[in-house]
Number of protein chains: 4
Amino acid sequence: MSDTKGRVLLAYSGGLDTSCILKWLLEQGYEVMAYIANLGQEEDFDAAREKALKVGATKVFVEDLREEFVKELVFPSVQANAIYENVYLLGTSLARPIIARKQIEIAKRENCTHVAHGCTGKGNDQVRFELAYLALAPSIKIIAPWRLSEFYTRFPGRQDLIKYAVEKGIPVSQTPSKPWSCDDNLYHISYEAGMLEDPNVSPQKDMWRLTVDPEDAPDRPEFIDITFTKGIPTRVQNTADNTDISQPLDLFIYLNSAACRNGIGRIDIVENRFIGIKSRGCYETPAGTILRVSHLDIEGLVLDREVRAYRDEHVSLQYGKVLYNGLYFSPEGQLLKNIISLTQEHVNGVVRLKLYKGNVIVLGRYSTTENLYDMEESSMDVQGGFEPKDSEGFIKIQSIRLKKHGNSFI
Amino acid sequence: MSDTKGRVLLAYSGGLDTSCILKWLLEQGYEVMAYIANLGQEEDFDAAREKALKVGATKVFVEDLREEFVKELVFPSVQANAIYENVYLLGTSLARPIIARKQIEIAKRENCTHVAHGCTGKGNDQVRFELAYLALAPSIKIIAPWRLSEFYTRFPGRQDLIKYAVEKGIPVSQTPSKPWSCDDNLYHISYEAGMLEDPNVSPQKDMWRLTVDPEDAPDRPEFIDITFTKGIPTRVQNTADNTDISQPLDLFIYLNSAACRNGIGRIDIVENRFIGIKSRGCYETPAGTILRVSHLDIEGLVLDREVRAYRDEHVSLQYGKVLYNGLYFSPEGQLLKNIISLTQEHVNGVVRLKLYKGNVIVLGRYSTTENLYDMEESSMDVQGGFEPKDSEGFIKIQSIRLKKHGNSFI
Amino acid sequence: MSDTKGRVLLAYSGGLDTSCILKWLLEQGYEVMAYIANLGQEEDFDAAREKALKVGATKVFVEDLREEFVKELVFPSVQANAIYENVYLLGTSLARPIIARKQIEIAKRENCTHVAHGCTGKGNDQVRFELAYLALAPSIKIIAPWRLSEFYTRFPGRQDLIKYAVEKGIPVSQTPSKPWSCDDNLYHISYEAGMLEDPNVSPQKDMWRLTVDPEDAPDRPEFIDITFTKGIPTRVQNTADNTDISQPLDLFIYLNSAACRNGIGRIDIVENRFIGIKSRGCYETPAGTILRVSHLDIEGLVLDREVRAYRDEHVSLQYGKVLYNGLYFSPEGQLLKNIISLTQEHVNGVVRLKLYKGNVIVLGRYSTTENLYDMEESSMDVQGGFEPKDSEGFIKIQSIRLKKHGNSFI
Amino acid sequence: MSDTKGRVLLAYSGGLDTSCILKWLLEQGYEVMAYIANLGQEEDFDAAREKALKVGATKVFVEDLREEFVKELVFPSVQANAIYENVYLLGTSLARPIIARKQIEIAKRENCTHVAHGCTGKGNDQVRFELAYLALAPSIKIIAPWRLSEFYTRFPGRQDLIKYAVEKGIPVSQTPSKPWSCDDNLYHISYEAGMLEDPNVSPQKDMWRLTVDPEDAPDRPEFIDITFTKGIPTRVQNTADNTDISQPLDLFIYLNSAACRNGIGRIDIVENRFIGIKSRGCYETPAGTILRVSHLDIEGLVLDREVRAYRDEHVSLQYGKVLYNGLYFSPEGQLLKNIISLTQEHVNGVVRLKLYKGNVIVLGRYSTTENLYDMEESSMDVQGGFEPKDSEGFIKIQSIRLKKHGNSFI
């Protein structure tokens, strides 16, 4: 390493951009190792490994992070009902901490001086990766080629990258590029840029890669039951196909497939990036959508009203923002994650669902361990549980304050 | 009035309960006037008027409050994205202030000493009505028969009411009663009690009265455009049926019918009543569901990020809770309503929607007056707008704090 | 017990009210046990015990709860910077859960069917006691004589109680009663009612019982150092009097005396009771005031900015409200208490204070274990730690969003 | 202007730094105009004007912004009880928007291409000035010499500035510089840097410039009355010196002098800068401290409980943060300012205060227009206003939820 500018661990995807970056870093005088995180995206990891070696990486690390992704990031997010700007389920945001952590772990082990990534200078992902890198390894050096003028002025367009790749003997996929870009993982896929930049242009039918169009989904619904234990999905059952899964990753993959075939999980939004720019994105979050609906539902049955209200007002939005802005590895990120689990002690029960052409319909729910719901007390027909007179006192006391303001409303 | 215990203005529905209450109040020595609020519920108002007079009301007031309901309660709730416990669109809660206000207005005008209602002693509605009554008329006296032991011990079950009605010559509907109770208005219908009290029992297919089952909805989608002005829907267009409506009530009714025929707006939940009891409810909110989706969407395009975040964190949930708990006519209720309108100044634009078997799908959105979305700045392909170097500074400054905590995460 | 209406455990103070209540309960046919909680209030506990026995209690329990009060209620409140309506340090609220818990514990052990207290029907304390009773023993029966018309109509004024006491042979203190009432414990004393009910009448100089008037405090300041460990005061040093205390109760008592002799901890406010009524109270919270100032100060040095902001926005006010409203023994109360301790992991350090005529003046602070404060980085004179260029990027990125709104401000 | 790099409007203080910057900018080829904002800081404005002209400014603008500072920034901050990290009253933050706005106004009028300031690259003020500049004039160019390496490497220390000043004929003050830096305005003074960078070093007694040491303050208290109208101080009375002032600026100046002579308003803290660095600052905020205490007090008397709670939870901290971070001229800043005024409609009344050696002691308060405080209702002695029985119902209803959790607490 003494004769190089340093050893770089590059987050590598196997695609055109990061292949060119790999080559370019070598040309700048760095030793480069490639790191490929498997988060369940559609990718030929062996081919990517070969390609990285062929371009000149001294080592290639392909890491299957799917299970830790599901358990450490996806499930707590379900527990929190985390959401960004009311609709976005944070698919990209959830993946970044897992990718960055392993990258730093390898970089430390392999004595890398630098880490590098292929994110642009206008997006959220540069922020998410780099805040994670620096939180985990404060003295690591970062190379972000798309923010270096010597790089981005050399490669102003995709054609320039292709030309460079051809010159350098980097294999270039023959598939014509789509008029948008996408990023996928086990949890979701995102589409943005290109023709999507006009927020009034509807996405093409063939853009969506994970879910079928609700219009093309089966005419007959499917029925599944999801069991939650402390707010985490721990069992999925579907009697129609004899499904009964408890292993976290398998369970998640099953929910993905059930959602996908029933057209569940698409959104199309304009969101506000951390950087302050509005951007338009289309997302598919199949299993995540089912889990959100069912987790919200079981909480209705088993969670105390005020704990729920606290979580809604002080945790869900805050955790969503922390994830979106790349602050998972921060004191507040870890605090919030701990708070989430404090709220979920009693979130135990089963939700019965119908999946049908884009709809996740709750059919019922029950819990064998929790008893906040009390059928007799709830009943309008039975005078059990409390004196109607008490309600009068309750109302009268509440009204003391209100009566003072009487004249100003009518 | 001197020879009575007082003059009561009874919120009257035309149904069995309030008819018996009317008679019973007369028997207790009150003079009774009946008040029927038309909020768009399915009801024969003329028949109800006749019935009240027949039972013995000295006057009957039938008031069409639909337009003020839509304009004063429904639309601000859409602006606020008000919601209770993540899913409930507050249909019953929104109607109560409108009903109570007119009741108090008439009670004052007619020199009534009392107001009365037919709500039970376990529900939210008694609270909502009475807090509104007392906020608007601090010295009004309230009669809530279902909380009076002399009433509820006399009428422990529905059969006792029927028997009483027959004895007193009150016409009794021949329709067999459903095994649940419901309450409807222009905005929604609720179903609860009876067989729904077991939260694991799915509602019968024929329970739902407003919307078709998504499975029975048309196989071809419908397309509508909704224009928002300061966060309020001001125009609905559907080229397929030449719809182009701007009048608030007509617009709302049209959206209701479009939602209903496409199976949009059903939910089934367990919620936490103000009184501290969990209860299960099924709701249909057809137009409200379309408006929620489309309002959230247009905000993405035109609302400043921090104004949106403020509203989400400090207004939507709070206003939802205020409405749910019957505190619309309170200082905090009015404060929140004023804040809502402060946030909506720039919520101007059009959302294009596809309605299909329970789904409200956003196809695109645009605004001719707002310009926060900047296609060039947003573009990943163009280096316009700012220096990539700036992002590096942004990230580095953010990381200063995080670097301090580096060791605790890995 | 079979020949009585039940066995009551009465929260007994030794004063006129609860002595009369004790007798009255006996006359109603109850067996009565008396329970006296020692929370550090000024009281002759032996005399109170004798008096209760003399009036007719079958057993008397005097419990020293001071240490658990300080450790379980006072210190977490310091950690949380809990406060109600910006100024009230919750002295009465903090004592109630401790008193109620022991009362229920004894009531269960002694097979009491009822618990009773001497609170009025208009205050906060009835709510605090009873919500705690019912949270801890849902089926316990409660007697609140001041809410029973047979009791309060019999004793409309203090003279009626005295007359009754004299008749029944209950010893009556010869001290003339003050024109206000007060309630004290180790943490604070409250004064309210009587002449204080006019919020514009200043309290008499001799009302204040704990602290000297700042004008009468020593002309020379005192100096103390307080060490915090995880946000809890664990050591107090005063070199002038060779103080060096670590035991929680002793430490707290020392801080009380230091504050009292220097005139520290008085407030005079109008507050909003849970019941919706405004009331005027004067309070002395000597040690609590010193601890609040010093805890806030050490947090500045050692607490992460965002953790602090989270705690300020989502915990301090919420926990203050929970305590004030008597909801310590609730799911949300326990959740908040757990969150508080999550935030205090790094609150370790020493604050050096000057106490002088009502003032708590911070002279400096340091931590030997925490390192968020970085003198070089902080320095305006040194260019270390980061590139000034980074600040420019930080600002420019922040301004992207703001520039959109440029025209509306000037 | 055609023969220069542009015309710069420099925020000029008359001191060494900005004088050198002025000269340096001229040397870089800019035309420079100087702008001096009078916010009440201790300064010889005529001398500063002469100095700027002497150094080479083509024009000098001295602007008296004191009244708009008090009315537009200080008073709304009092209304909001705005505070940063529990103790800092935001003195510097409040001044920046006023200074920046006038600077942009002049820059536009005088066709300046650039604005410049003398803030360092590590502090909050660069952010506050520049975010304001860019919000108000999105295309203005900014020169921040202390962030330019060609500037800061040329002037690494104060001696280098002095040497340059002497060479260039810039008058240098003979006063030896203090071992800290300070910044003052009508509202406050801040001290930081230098020897204060060690957070455990107490400030020297002679550092504090505005207030007397509490130990040196008069032995006899002073008494003043402050009248609030919609939350804004509109009258100050002191019968001892025949003070009766209503004019905003005069009133504020009087409160400053009363506070200063009684040793009121000092704090010494470690705070978290926007930039993520912790720094130590000492502040004097004399009138601001009196106004905070008295405004909080009058709110107790006249503000509805829930409006107060809303403001405390959703406005005070948020507005404090917005001001601290330089976001006054932002959509959220303006939203919050509008919300503040919505909350203050009823904040009308008089607070009577005693000022004594650092203490602001409330003696009483009253309102002739507001009536939320009801002496009879509040009274513990009177059974008026409501039935004690109502409290029982209130408590019982509250306990329904709590009873469910009974077993988990004991």
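Chain A is annotated in an unreviewed UniProt entry as Argininosuccinate synthase of Smittium megazygosporum. The UniProt entry for chain A carries this comment under Subunit (unreviewed entry): "Homotetramer."

(A) Quick look at the interface of chain C and chain D. Opposite the 104 residues of chain C that make contact, chain D presents 105 residues. For the pairing of chain C and chain D, the buried interface totals around 9600 Å² over both sides, and the portion due to carbon and sulfur atoms is 58%. Where chain C packs against chain D, one counts six salt bridges. Between Lys354 of chain C and Glu215 of chain D there is a salt bridge; the shortest N-O distance is 2.6 Å. The element contributing the most residues to the side of chain C that touches chain D is helix 13 (residues 388-403) of chain C, with eleven residues. Looking at the side of chain C that touches chain D, its residues break down into 44 nonpolar, 27 polar and 33 charged.

(B) View of a negative patch on the surface. A contiguous patch of negative charge, built from Glu43, Asp44, Asp46 and Glu50 of chain A, is present on the exposed surface. Looking at where Asp44 of chain A falls in the secondary structure, it is placed in the loop between strand 2 (31-38) and helix 2 (45-55).

(C) Layout of the pairing of strand 3 (residues 60-64) of chain B. Sheet analysis places strand 2 (residues 31-38) of chain B next to strand 3 of chain B, joined by five bridges and oriented parallel. Among the inter-strand pairings, Ala34 of chain B is bridged to a residue of strand 3 of chain B, identified as Val60 of chain B.

(D) Layout of the sheet that holds strand 1 (residues 7-11) of chain A. Residue and element names in this part refer to chain A. Pairing is parallel across the open sheet formed by five strands, whose spatial order is 3-2-1-4-5. In the strand order of this sheet, the two ends are held by strand 3 (60-64) and strand 5 (141-143), each with one partner. Strand-to-strand twist of the sheet, defined as the mean angle between neighbouring strand axes without regard to direction, takes the value 25°. With three bridges connecting them, strand 4 (residues 114-116) and strand 5 associate as parallel partners. By the bridge assignment, Val115 is partnered in strand 5 with Ile142. Sitting on the sheet, helix 2 touches strand 2 and strand 3, and the angle it makes with strand 2 is about 170°.

(E) Seen up close, the relation of the copies chain C and chain D. Of the transformation superimposing chain C on chain D, the axial component is 0.0 Å and the angular component is 180°, with the fit at an RMSD of 0.0 Å. A rotation of that kind, with that shift, is consistent with a two-fold axis. Both copies contact each other with a shared surface, as 99% of the interface residues of chain C are interface residues in chain D too.

(F) Spatial organisation of the sheet that holds strand 5 (residues 141-143) of chain B. All names here are of chain B. Ordered by their spatial adjacency, five strands build an open sheet running 3-2-1-4-5, and the pairing between neighbours is parallel. In this open sheet, the two strands that pair with only one neighbour each are strand 3 and strand 5. With strand direction ignored, the average angle separating the axes of adjacent strands in the sheet is 25°. Taken together, the five bridges between strand 1 (residues 7-11) and strand 2 define a ladder with parallel strand orientation. Looking at the pairing, Leu10 lines up with Ala34 of strand 2. Strands in contact with helix 2 (residues 45-55) are strand 2 and strand 3; relative to strand 2, the strand with the most contacts, it is inclined by about 175°.

(G) Representation of the pattern of salt bridges in the model. A full pass over the atoms with the stated rule returns 148 salt bridges over all chains. One salt bridge in this structure joins Lys59 of chain D and Glu110 of chain D, with 2.8 Å as the shortest N-O distance. Here the residue Lys59 of chain D occupies a position in the loop between helix 2 (45-55) and strand 3 (60-64), and Glu110 of chain D occupies one in the loop between helix 4 (91-109) and strand 4 (114-116), the gap between them amounting to 51 residues. Owing to a relative accessible area of 36%, Lys59 of chain D belongs among the partly exposed residues under this scheme. Relative accessible area serves as the criterion here: at 12%, Glu110 of chain D is assigned to the buried category. Several salt bridges share partner residues, and in doing so they unite Arg96, Asp125, Arg128 and Asp183 of chain A into one network.

(H) Expanded view of the environment of Asn185 of chain B. With respect to the helices and strands, Asn185 of chain B occurs in the loop between strand 6 (181-184) and strand 7 (189-192). Of the polar contacts made by the side chain of Asn185 of chain B, one reaches the backbone oxygen of Gly91 of chain B; its length is 3.2 Å.

(I) Spatial organisation of unusual backbone geometry. Its identity is not glycine, yet Asn86 of chain B carries a phi of approximately 70°, on the positive side. By the element assignment, Asn86 of chain B lies in the loop between helix 3 (66-80) and helix 4 (91-109).

(J) The domain arrangement of chain A, seen in detail. Residues and elements named next belong to chain A. Once the domains are mapped, chain A shows domain 1 (7-168) and domain 2 (181-303 + 346-366). One C-alpha centre belongs to domain 1, the other to domain 2; they are set 26 Å apart. The interface of domain 1 with domain 2 comprises 32 residues on the first partner and 36 residues on the second. Both faces combined, the contact of domain 1 with domain 2 buries some 2800 Å², and carbon together with sulfur accounts for 62% of it. Between the two partners, domain 1 and domain 2, sit two salt bridges. Among the ionic pairs, Glu42 bridges to Arg209, the shortest N-O distance being 3.9 Å. Our count for the contact surface shared by domain 1 and domain 2 stands at 16 residue pairs in polar contact (both at pLDDT 80 or more). Sorting the residues of the side of domain 1 that touches domain 2 by element identifies helix 3 (66-80), helix 4 (91-109) and helix 5 (125-136) as the ones contributing at least two each. Among the elements that make up the side of domain 1 that touches domain 2, the one with the highest residue count is helix 3 (nine residues).

Rules behind the numbers
Sequence order as written defines residue numbering, which begins from 1 separately in each chain. To read the labels, note that chains go from A and ligands from 1, taken in the order they are written. Local features in this predicted model are restricted to residues of pLDDT 70 or higher, and side-chain atom pairs are both shown and tallied only at a pLDDT of 80 or more, whereas totals for entire chains, interfaces and linings draw on every residue. Neither water nor hydrogens contribute to the side-chain values; these are computed over all heavy atoms in the structure. UniProt positions are given in the numbering used here, feature names are shortened, and annotations may be inferred rather than shown by experiment. A contact between two residues is defined here by any heavy atoms of the two lying within 4.5 Å. Buried area, as used here, totals the accessible surface that two parts lose on assembly, with accessibility defined by a 1.4 Å probe and the loss added over both. Definition used for salt bridges: Asp or Glu carboxyl oxygen within 4 Å of a side-chain nitrogen of Lys or Arg. Here a helix means four or more residues in a row that DSSP labels H or I, a strand means two or more in a row labelled E, and each is numbered from the N terminus. Three classes are used, and their members are as follows: Ala, Val, Leu, Ile, Met, Phe, Trp, Tyr, Cys and Pro are nonpolar, Asp, Glu, Lys and Arg are charged, and the others, Gly among them, are polar. Each patch is built from residues lacking any salt bridge and having more than 30% relative accessible area; the joining distance is 9 Å for like charges and 5 Å for nonpolar side chains (Val, Leu, Ile, Met, Phe, Trp, Tyr). Accessible surface area values rest on a Shrake-Rupley calculation with a 1.4 Å probe, where residue burial reflects the displayed protein chains alone. Under the convention used here, Asp and Glu are negative, Lys and Arg are positive, and both His and the chain ends fall outside the count. A charged residue contributes its charge at one atom only: NZ of Lys, CZ of Arg, CG of Asp or CD of Glu. For two strands to be treated as a pair, DSSP must find no fewer than two bridges joining them. Axis geometry follows a simple rule: fit a line to the C-alpha atoms, using only the stretch in contact for helices, then measure angles between N-to-C directions, giving values from 0 to 180 degrees. Fitting of the copies onto one another was done by least squares over C-alpha atoms, counting residues only where both copies have pLDDT of at least 70. Relative accessible area decides the class of each residue, using a 1.4 Å probe on protein chains only: under 20% of the type maximum gives buried, over 50% gives exposed, and in between gives partly exposed. By the criterion applied in these results, polar contacts are pairs of N or O atoms within 3.5 Å in which, for protein atoms, one can donate a hydrogen and the other can accept it, and in which residues neighboring in sequence qualify only through two side-chain atoms. Either an automatic procedure or a domain database provided the assignment from which the domain bounds are taken.

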